[in-house]
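Here are the chains, one letter per residue:
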Amino acid sequence: MSSGVSIDDKCVEVYQELKLGKKYRYAFFGLSADLKQVILVSTGTESDYKSFADQFPKDECRYAVYDFNYTKADGEERNRILFFLWTPEGAKVQRRMIATSAKDALRKKFVGIGTEIQATEAAEVSYDAVLARVRAA
């Protein structure tokens, strides 16, 4: 890990429960107070995408995974696990830099991600923007 940030085992455990067990619809992860570890922040079971997207903070970096259901242009129902890197302009520069550099270490632990989305503002995590990215992938 070039970032020097470790990944708490609970993050991988929750990801597996989301991916395989369908126990959660989404999970949020963040940096610990000392910036040395990625930790679990919260989980949720609500299926409403807007409720999920509204939880990205304006001044803190986050990682998130979301079990995204959508309809392809041909009408076929699909499912894809999304990985988000959220680094808003309101977050401190040091936290944004560490969050970005630690992303690959976390991402490698989450096998089976369908689409990765990097965002700095709410419009980039809106349902329509995410659906367009997923359909294009």
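Presented here is an overview of the structure given in this document. Because the structure is a prediction, the values reported are computed rather than measured.

### Some remarks on helix α4 (residues 127-136)
Taken residue by residue, α4 has Val130, Leu131 and Val134 as its buried positions. Mapping the buried residues of α4 onto a view down its axis gives an arc of 100°, with all of them on the same face. Exposed residues pointing more than 90 degrees away from the buried face of α4 are listed as Asp128 and Ala136. On its buried face, α4 is in contact with α2 (49-53), β4 (62-71), β5 (77-86) and β6 (115-119).

### Here we look at the packing of aromatic side chains
Within this structure, the stated rule accounts for 21 aromatic pairs. On the basis of an interplanar angle of 80° and a centroid distance of 5.1 Å, the ring pair of Phe28 and Phe56 is categorised as edge-to-face. With Phe28 in strand β2 (residues 26-31) and Phe56 in the loop between α2 and β4, this residue pair connects regions lying 28 residues apart in the sequence. Accessibility expressed as a relative area gives 8% for Phe56, which makes it buried. Here Tyr49 and Phe52 contribute two aromatic rings whose centre-to-centre distance is 5.5 Å and whose plane-to-plane angle is 55°, an arrangement assigned as tilted. With Tyr49 and Phe52 both in helix α2, this residue pair falls three residues apart, about one helical turn. Note on Tyr49: relative accessible area 7%, which makes it buried. Clustering of aromatic rings is evident, with ring pairs tying together Tyr26, Phe28, Tyr49, Phe52, Phe56, Tyr66, Phe68, Tyr70, Phe84, Trp86 and Tyr127.

### A short note on the pairing of strand β3 (residues 37-44)
With two bridges connecting them, strand β1 (residues 6-7) and β3 associate as parallel partners. Its bridge partner being in β3, Ile7 is matched across the sheet by Val38. As defined by bridge partners, β2 adjoins β3 across six bridges and the pair is classed as antiparallel. Its bridge partner lying in β3, Leu31 is registered against Val38.

### Describing the sheet that holds β6
Within the open sheet, the six strands sit side by side as β1-β3-β2-β4-β5-β6. Their pairing is mixed. On the outer flanks of this sheet lie β1 and β6, each paired with one strand and no other. Judged from the 10 bridges that link them, β4 and β5 form a sheet pairing that is antiparallel. Its bridge partner being in β5, Tyr66 is matched across the sheet by Leu82. Of the strands in this sheet, β1, β2, β3, β4 and β5 touch helix α1 (residues 9-19), which is tilted by about 35° from β3.

Reading the values: the criteria
- Residues numbered from 1 in each chain as written.
- Predicted model: local features only at pLDDT ≥ 70, side-chain atom pairs only at ≥ 80, totals over all residues.
- Heavy atoms only, no water.
- Buried < 20%, exposed > 50% of the residue type's maximum accessible area, 1.4 Å probe, protein only.
- Helix = DSSP H or I, 4+ residues; strand = E, 2+ residues; numbered from the N terminus.
- Arc of directions from axis to C-beta.
- Contact = heavy atoms within 4.5 Å.
- Phe/Tyr/Trp six-rings, centres within 6.5 Å; stacked < 30°, edge-to-face > 60°.
- Pairing = 2+ DSSP bridges.
- Axes fitted to C-alpha atoms, helices over the stretch in contact; angles between N-to-C directions.

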